[in-house]
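Here's the letter readout for the chains.
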Amino acid sequence: SSALGAILAVLASLIISANALVAITLLCLIQKSGSKGLCFVLNLAIADAMVGFTVVGLVVDEFSEPFYPPQIFCVLRMAFVTSSSAASILSLILVACDRHLAIRKPFHYFQMVTSLRVGVRLVGLWLVSAIIGFLPVLTPGFQKISTDEKCSFFGVFHPAYMVTVFCVGFFPALFLFIYLYCDMLKIASVHVQHIREVEHAGLAGGCPPSRTTSDMKAMSTVAVLIGCFTLSWLPFFIASIVQTVCLECFPYKVIENYLWLLGLGNSLLNPLLYSYWQKDVRLQLSQLAAGVKRRV
């Protein structure tokens, strides 16, 4: 318990600090460029930071003396954890959809991505996340009586709720990720083919294929996000489904103590990937660091 609490404490601290730094950087970029698409990335950083804050409560439980919290206390705590994780996953979907739209309709992108539409999508995202997380609170049938001293997913959530969330939430999100990436790959390959035809005809004039380069960068970012998302959450979801179907087939403590930590690590990978992969974010981070250094 102490080792798990220490791991959760370190992970929560890294998640909160990394995402807070990226969120500040993105706010500066949004003020400079006015890009509406960066709002989805900013929302991803906020959702991941909230994941870190919800884990802090679990850290307190691990280091506190054994106590027997009320059932509704554990249900609400796990509901906040689930809502934050759902918001992070849905934010990844919005980022992928935004990059897909920028590649598929580059000339109409700025007309289609307006402040009103971005705001409506973000509000809808948090409403859906709240519904997913607090569904056991609204539907007592998705709860089960817990006899554990600590709050845990399998201690307060009914297996039917777990299967519903996985089948309705995770797997459709994964399939949507794969579809968007494959479609972007097809569009980028068509762009490359057109540029090669123009160069072969001698009409390129030595101009660099900036549009294709931008498409490839967007595709690379989405591909890395999909890969990390899959590697982080897929083992937890598969093991949890097996656990709900066959209670004796898989020890749930392994799922909660190890595979769930792997899923939480996705909230730490997201800001690190964006700060490394996106050139604008790297430059803004270096400028912020230089400004802090001058003040010090």
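Residues numbered from 1 in each chain as written. Predicted model: local features only at pLDDT ≥ 70, side-chain atom pairs only at ≥ 80, totals over all residues. Heavy atoms only, no water.

1. So, the overall build of the protein
Item 1. If you tally the helices and strands in the protein, you get 10 helices and zero strands.
Item 2. The burial tally for the protein puts 43% of its 296 residues in the buried class.
Item 3. The long-range share in the protein, meaning contacts at least 24 apart out of those at least 6 apart in sequence, stands at 78%.
Item 4. As presented, the protein carries roughly 15,400 Å² of accessible surface, and 71% of it is formed by carbon and sulfur atoms. (Helix = DSSP H or I, 4+ residues; strand = E, 2+ residues; numbered from the N terminus. Buried < 20%, exposed > 50% of the residue type's maximum accessible area, 1.4 Å probe, protein only. Contact = heavy atoms within 4.5 Å. Areas by Shrake-Rupley, 256 points an atom, 1.4 Å probe, with all protein chains shown as cover.)

2. Considerations on a nonpolar patch on the surface
Item 1. Residues Ile-72, Phe-73, Leu-76 and Phe-80 make up a contiguous nonpolar surface patch of about 350 Å² in total accessible area.
Item 2. Along the chain, Phe-73 turns up in helix 3 (residues 71–104). (Patch = residues over 30% accessible without salt bridge, like charges linked within 9 Å, V, L, I, M, F, W, Y side chains within 5 Å. Salt bridge = Lys/Arg side-chain N within 4 Å of Asp/Glu carboxyl O.)

3. Regarding the packing of helix 3 against helix 5 (residues 115–138)
Item 1. For the pair helix 3 and helix 5, the least separation of the axes is 8 Å and the interaxial angle reads 145 degrees. Relative to helix 5, the crossing made by helix 3 is right-handed. Packed against helix 3, whose contacting residues are Val-75, Leu-76, Ala-79, Phe-80, Thr-82, Ser-83, Ala-86, Ala-87, Leu-90, Ser-91 and Leu-94, the element helix 5 presents Arg-121, Leu-122, Leu-125, Trp-126, Val-128, Ser-129, Ala-130, Ile-132, Gly-133, Phe-134, Pro-136 and Val-137 at the interface.
Item 2. Looking at side-chain class alone, the contact of helix 3 with helix 5 contains 17 nonpolar, five polar and one charged residues. (Axes fitted to C-alpha atoms, helices over the stretch in contact; angles between N-to-C directions. Left-handed = near helix turned anticlockwise from the far one by under 90°. Nonpolar A, V, L, I, M, F, W, Y, C, P; charged D, E, K, R; others polar.)

4. Looking at the UniProt feature "transmembrane region" (unreviewed entry) in the protein
Item 1. Within the UniProt annotation, "transmembrane region" (unreviewed entry) is assigned to residues 6–30, 37–60, 72–97, 118–139, 159–181, 218–238 and 258–277.
Item 2. Measuring from the first to the last C-alpha atom of residues 118–139 gives 31 Å, for a span that is 95% helix and 0% strand.
Item 3. Spanning residues 159–181, this segment combines 100% helix with 0% strand, and its end C-alpha atoms are found 32 Å apart. (UniProt positions renumbered as here; feature names shortened; annotations may be inferred.)

5. Description of the confidence of the model for the protein
Item 1. Summing up the model confidence of the protein, the mean pLDDT is 79 and the portion of residues at 70 or higher is 82%.
Item 2. Summarising per-element confidence for the protein, the mean pLDDT is lowest in helix 8 (residues 210–245) (72) and highest in helix 5 (91). (pLDDT = per-residue confidence, 0-100.)

6. A look at the packing of aromatic side chains
Item 1. Tallying each qualifying case throughout the model produces six aromatic pairs.
Item 2. On the numbers, 5.3 Å between centres and 70 degrees between planes, the contact of Phe-177 with Phe-229 is edge-to-face. Remark: Phe-229 occurs in helix 8 and Phe-177 occurs in helix 7 (residues 159–200); sequence separation between them is 52 residues.
Item 3. Look at Phe-229 and you get buried, because its relative accessible area is 0%.
Item 4. Here the aromatic residues Phe-142, Phe-157 and Tyr-161 are joined through ring pairs into a cluster of three or more. (Phe/Tyr/Trp six-rings, centres within 6.5 Å; stacked < 30°, edge-to-face > 60°.)

7. Notes on the pattern of salt bridges
If charged atoms from side chains of opposite charge come close, those side chains can pair.
Item 1. Evaluated as defined, the whole model comprises three salt bridges.
Item 2. Between Asp-98 and Arg-99 there is a salt bridge, and its shortest N-O distance comes to 2.9 Å.
Item 3. By relative accessible area, which is 5% here, Asp-98 ends up buried.
Item 4. Among the residues examined, Arg-99 registers a relative accessible area of 27% and is labelled partly exposed.
Item 5. Ionic pairing is found between Lys-186 and Asp-183, a salt bridge with its closest N-O pair at 3.7 Å. Taken together, the positions of Lys-186 and Asp-183, both in helix 7 and three residues apart, correspond to about one turn of that helix.
Item 6. The buried category is assigned to Asp-183, whose relative accessible area is 5%.
Item 7. Linked through salt bridges whose partners overlap, the residues forming this network are Arg-104, Asp-183 and Lys-186.

8. As for the environment of Ala-3
Item 1. Mapped onto the elements of the fold, Ala-3 is located in helix 1 (residues 2–33).
Item 2. Judged by its relative accessible area of 54%, Ala-3 is exposed.
Item 3. Taking C-alpha positions, Ala-3 is 9.7 Å from Phe-63, a pair spaced 60 residues apart along the chain.

9. Some remarks on the nonpolar core
Item 1. Ranked by internal contacts, the top residues of the largest apolar core, which has 71 residues, are Leu-8, Met-78, Phe-153, Phe-229, Trp-233, Trp-260 and Leu-264.
Item 2. No other element matches the 13 residues that helix 3 contributes to this core. (Core = buried A, V, L, I, M, F, W, Y, C linked by side-chain atoms within 4.5 Å.)

10. Some remarks on helix 10 (residues 279–295)
Item 1. The terminal C-alpha atoms of helix 10, which comprises 17 residues, lie 25 Å apart, in line with the 24 Å expected from a rise of 1.5 Å per residue.
Item 2. Those residues of helix 10 that sit buried are Val-281, Gln-284, Leu-285 and Gly-291. Buried residues in helix 10, looked at end-on, bunch into an arc of 125 degrees, giving them a common side. Away from its buried face, by an angle of more than 90 degrees, helix 10 presents the exposed residues Lys-293 and Arg-294. (Expected span 1.5 Å × (residues − 1). Arc of directions from axis to C-beta.)

11. A word on the side chain of Asp-48
Item 1. Secondary-structure assignment places Asp-48 in helix 2 (residues 38–63).
Item 2. Put simply, Asp-48 is tucked away with no salt bridge, and the nearest opposite charge, on Arg-99, sits 16 Å away.
Item 3. If we skip the residues at most four places from it in the chain, Asp-48 touches Ile-15, Asn-19, Ser-88, Ser-267, Asn-270 and Pro-271. (Lys, Arg positive; Asp, Glu negative; His and termini not counted.)

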